[in-house]
Amino acid sequence: MTTQEMKMAFEQAYGKQVEKMYFSPGRVNLIGEHTDYNGGCVFPCALSFGAWLLIAKNADRVLRFQSMNMPQKYEIPISEIQPQPDKAWCNYALGCIEIIARRHPEAKLESGYDLLYYGNVPAGAGLSSSAAMEVVTARAFTEEMGWKDADDKKYRTELALIGQACEHEYAGVMCGIMDQFASAQGKKDHAIYLNCDTMEFEHVPVKLEGIKVVITNTHSPHHLDSGAYNDRVRQCKTAVEQICKVKPIKCLAELTPEDWKEVEGAISDPIAKKRARHVVGEVARTAAAVEALKKGEIAYFGELMTASHVSLRDDYEVTGKELDTLAEAAWQVEGVLGSRMTGGGFGGCTVSLVKDEAIEDFKAFVGKEYEEKTGLKADFYVAEIGNGVMRLE
Ligand code: ADP
Ligand code: MG
């Protein structure tokens, strides 16, 4: 789909010309899984696929929503913006518009708009099509409503916060800040070392000569549901409480692997102990991975990714057959430096570092193993690390 084709689709949908056009990316997390709500860091990067938004004002004081990916169309008067029933897809946009006005009283929606979305993030793969849609909407409507921070870095962080608030209040998903942050603050050929608590971050160059980041989609119907997610959050809290008997801490990310040896005996609950062991190890692995990347030690970076998967499989128990089959097959391929699940777990995608000359073997072997063991077909995307949200024209 070219931008020209999107513009033609807009003209067909609304019988008029596009006025402005924006893009915001999906993301993949390279390492640092289930660390965010434990005070730790994550290491995502923005992708070159994402969500496009085309808009033009209308004189009817309504917001009209259409998507090239969805059959449903919505028309909402600008005086009646509230969450729509039945998991309406327009909620991911509508919420942003209302939240901009709430967080920035000087921002005013003074006109109706016709909107058309197009997304090319594979649906439901955990690569954050929802965050891309939220952040692209927040970018467009902060501008239209007359509020924009002059400081670009602060402005992008605020776009992420608007998107996250929308996801919480209009989609009912209590997500952390990583997805919207990566979509807003992404930088070409860089990953984002981000502390999700403080929102302090650093762009780290990803220089992988002769190596590609390959994303493999399980197409599995299994997902990390809110029940399993909330269980993990609770188990980590239990671990913190029990550790506090011997060492006062606020969150698991405060602990180094050396501290762990001293405190693990204080955790009497065996499940909580496993969960905490993953978090402490993953926080250290993420820091080590960032250092490895800075020094160009890509083989070590890959080993840390693989160790992350093993820990998510054995201690955090969020992988499942599909993700394990993909990762374990990848590890067997000559020229694979590392492979792990990415995202919440159970379904979604793996992310692997693969030498250029091994990519065809990788796809053939992993694809075949996966189909034999699960009856499902995997999809492969060679990722390009792209920029964060932008106005195109
Ligand atoms: P993901 O992991 O891709 O973020 P989610 O379930 O969080 O998966 O979000 C997917 C939902 O976001 C879709 O069901 C739809 O409601 C909305 N969405 C994402 N992209 C688009 C789009 N291009 N057009 C319309 N709705 C979209
Ligand atoms: Mg999402």
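Counting from 1, residues in each chain are numbered in the order their sequence is written. Numbering of ligands from 1 and lettering of chains from A proceed in the order in which they are written. Totals for whole chains, interfaces and linings use every residue, but because this is a predicted model, local features are given only for residues with pLDDT of at least 70 and side-chain atom pairs only at 80 or more, for both listing and counting. Computation of side-chain values: all heavy atoms of the structure, hydrogens and water removed.

A.B. asks: Give a detailed account of the environment of G296, specifying residues and quantitative values.
C.D. replies: Note on placement: G296 falls in the loop between helix 8 (270-295) and helix 9 (298-314). Linking G296 and P205, residues 91 residues apart in sequence, is a C-alpha distance of 9.9 Å. A helix here means a DSSP run of H or I that spans at least four residues, while a strand means a run of E at least two residues long, and both kinds are numbered starting from the N terminus.

A.B. asks: I'd like to hear about the packing of aromatic side chains, residue by residue, with values.
C.D. replies: The geometry of an aromatic ring pair is captured by the separation of the ring centres together with the interplanar angle, meaning the angle of the planes. Pairing of aromatic rings covers Phe, Tyr and Trp, the last counted by its six-membered ring, and requires centre-to-centre distances within 6.5 Å; plane angles under 30 degrees mean stacked, over 60 mean edge-to-face, and any other angle means tilted. Across all of its chains, the model carries 14 aromatic pairs by this definition. Ring geometry for F10 versus Y14: centroids 4.9 Å apart, planes at 50 degrees, classification tilted. Placement of both F10 and Y14 in helix 1 (residues 3-14) is noted, with a separation of four residues, approximately one turn of the helix. Residues F10 and Y14 agree in their burial class; the two are buried. Arranged with centres 5.9 Å apart and planes meeting at 80 degrees, the rings of W89 and Y117 form a pair that is edge-to-face. Buried means the residue's accessible area, taken with a 1.4 Å probe over protein chains only, is under 20% of the maximum for its type, while exposed means over 50%, and partly exposed covers the values in between.

A.B. asks: Could you give an account of the sheet that holds strand 6 (residues 112-119), naming the residues involved and the relevant values?
C.D. replies: Remark on secondary structure: sheet strands pair via backbone hydrogen bonds, oriented parallel or antiparallel. Across the sheet, six strands lie side by side as 5-4-6-3-1-13; this open sheet has mixed pairing. The strands lining the two open edges of the sheet, one partner per strand, are strand 5 (70-77) and strand 13 (390-391). In this structure, strand 4 (residues 62-67) lies alongside strand 5, joined through five bridges in antiparallel fashion. When the bridges of strand 5 are listed, L63 appears paired with I76. The sheet contacts of helix 2 (residues 91-103) involve strand 4, strand 5 and strand 6, and relative to strand 4 the element is tilted by about 145 degrees. In this analysis, strands are considered paired if DSSP registers two or more bridges between them. Residues count as neighbours in contact if any of their non-hydrogen atoms are within 4.5 Å of one another. For every element, the axis is a line fit to its C-alpha atoms; helices are fit only across the contacting stretch, and the angle between N-to-C directions ranges from 0 to 180 degrees.

A.B. asks: Explain the packing of helix 6 (residues 226-243) against helix 8 residue by residue, including any values.
C.D. replies: Contact pair helix 6 / helix 8: the axes reach a minimum separation of 8 Å and the direction vectors enclose 95 degrees. As summarised for this structure, helix 6 and helix 8 are arranged roughly perpendicular, according to the angle between their axes. Residue-level inspection shows R232, Q235, C236, T238 and A239 of helix 6 in contact with helix 8, the latter providing I271, A272, R275, A276 and V279. Three categories are distinguished: nonpolar for Ala, Val, Leu, Ile, Met, Phe, Trp, Tyr, Cys and Pro, charged for Asp, Glu, Lys and Arg, and polar for the others, with Gly belonging to the last. Tallied by class, residues from the contact of helix 6 with helix 8 come to six nonpolar, two polar and two charged. Roughly parallel refers to an angle under 35 degrees, roughly antiparallel to one over 145, roughly perpendicular to one between 65 and 115, and oblique to any angle outside these ranges.

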